[in-house]
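Structure at a glance
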Amino acid sequence: MRWRHRSTCTRPRFHPNPFKQARILEFPTYANFTQAFAGTIPYSEGIGLVTRLPDTGAADKIDMVTYVTAHEIAHQWWGHQVIGAEQQGPTLLSETFAQYSALLVMERLYGREQVRKFLKYELDRYLRARGGKLIEELPLARVEDQPYVYYQKGSLAMYWLKEVVGEAVVNRALQRLIAQYAFKSAPYPNSSDFLRLLREEAGPAHDALITDLFERISLVAAKASAASTHQRPDGQWDLTLEVEARKLIADGKGVETEVPLDEAFDIGLFSAEPGAKDFKPASVLLFERRTVRSGKQQFQLVLKEKPLWAGVDPYNKRIDRNSDDNLRKVDLK
Ligand SMILES: [Zn+2]
């Protein structure tokens, strides 16, 4: 396996790794899985080691090898130090946290602009899976044997949580979970123990967000419905972005109820399409958080450079019912 070295190490985010080594054992594709044991990770060549590593900068490729490896390494904390109780929600404390840890690694390796491809991949798989399941969907905090909830939805929930409350807040809650429960026998922690620590760290201002992400099945439907620009006499560009949005709460069978939406969303303007081959950090002309409410609304923005693409939640950080209508090409007026 080719291994990239970059000097990106800083202080441990959660707690130092207690093991002296991390061994990766490749085995032939008679089985297709990776698994984490303490300090040792058996890794099927079929999952990644024989797949071609994409260019690190390619915006349209997912580096699954590093993503999966980071996930398995993260189990040295989540699953080996902290073990969830045999109640509903134990995989939030192992698989979801391993996904979150892997996303932090991807963000560090590839940059914030390129995390979109991992988030969109998870969102599309979550939406596809929840549409085809016969067994009732459960909120993340009560997840049972439902990989699309603890992997895919878990990735999206934790990433958006950290985007809103801040990475330091989320990581402090995780550090406290490790401090209280690492390498301890019963009573093991459950998802309520994590949510209690998270609420203490995040404060009451984020209570509704935590409820939406972990204790309900909450979705948004945000769409960039129109975008146009024209050049002003002073050479700058006026841009109007029209956004249509709704918020939905689903029950376990998928029946949705609309509730009022009044939340922060990313708004982005670009000189290249996010996710396309030529998209790079310099393609981001404007990226800021704005309040989006239920219904139709317009955002007026002024730019120095001509915007070609505009979007609401353009990096697919939200659990949105359609990941493909967040971005649109800007019309020249
Ligand atoms: Zn795992």
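Thresholds applied
Residues numbered from 1 in each chain as written. Predicted model: local features only at pLDDT ≥ 70, side-chain atom pairs only at ≥ 80, totals over all residues. Pairing = 2+ DSSP bridges. Helix = DSSP H or I, 4+ residues; strand = E, 2+ residues; numbered from the N terminus. Axes fitted to C-alpha atoms, helices over the stretch in contact; angles between N-to-C directions. Domains from an automatic or database assignment. Contact = placed C-beta atoms within 7 Å. Nonpolar A, V, L, I, M, F, W, Y, C, P; charged D, E, K, R; others polar. Core = buried A, V, L, I, M, F, W, Y, C linked by C-beta atoms within 7 Å. Buried ≥ 20, exposed ≤ 12 C-beta atoms within 10 Å, placed from the backbone. Expected span 1.5 Å × (residues − 1).

One open sheet accounts for 4 strands, arranged β7-β6-β9-β10; its pairing is antiparallel. Looking at the sheet topology across the chains shown, the edges are occupied by β7 (284–293) and β10 (327–329). Between one strand axis and the next, the sheet turns by 20 degrees as a mean value, whatever way the strands run. Bridge count between strand β9 (residues 309–312) and β10: 3 bridges; the pairing is antiparallel. If you follow W309 over to β10, its bridge partner there is K329.

Examined bridge by bridge, strand β3 (residues 217–231) and strand β4 (residues 237–250) share 14 bridges and lie antiparallel to one another. Residue pairing in the sheet places V220 in a bridge with K247 of β4. Here β3 folds back onto β4 in antiparallel fashion, the turn holding 5 residues, of which G235 has a positive phi close to 95 degrees. One ladder, built from 2 bridges, connects β3 with strand β11 (residues 331–332); its direction is parallel. The residue of β11 that forms the bridge with T229 is L332.

Moving on, we get to the domain arrangement of the protein chain. Assigned domains within the protein chain: domain 1 (23–215) and domain 2 (217–332). Here domain 1 and domain 2 have C-alpha centroids that lie 26 Å from each other. The partner domain 2 presents 20 residues to the 24 residues of domain 1 that form the contact. Broken down by secondary-structure element, the contributors of at least two residues to the side of domain 1 that touches domain 2 are α4 (115–131) and α5 (147–165). With 8 residues, the single largest contributor to the side of domain 1 that touches domain 2 is α4. Partitioned by chemical class, the residues of the side of domain 1 that touches domain 2 number 12 nonpolar, 1 polar and 11 charged.

If you look at the biggest cluster of nonpolar residues, it comprises 62 residues, and the most contacted ones within it are L103, L140 and A310. Of the domains in this structure, domain 1 (23–215) and domain 2 (217–332) are the two that each give at least three residues to this core. Ignoring anything within four residues of it in the chain, the contact list for L140 reads L92, T96, V149, K153, G154, A157, L213 and F214.

Further remarks concern the environment of S155. When you line up the elements, S155 lands in helix α5. Taking the number of C-beta atoms within 10 Å as the measure of exposure, S155 has 25 and is therefore buried. In sequence terms S155 and T96 are 59 residues apart; their C-alpha atoms lie 6.2 Å from each other. Here S155 is in contact with Q99, Y100, L103 and E122, once residues within four sequence places are set aside.

For the rest of this paragraph, the subject is helix α7 (residues 191–202). For α7, built from 12 residues, the straight-helix expectation of 16 Å at 1.5 Å per residue is met to within 8% by its first-to-last C-alpha distance of 16 Å. Listing the buried residues of α7 in full gives S191, D193, F194, L195, L198 and A202. For α7, the secondary structure elements touched by its buried residues are α5, α6 (167–181) and α8 (207–215). Backbone geometry just after α7 places G203 at a positive phi near 85 degrees.

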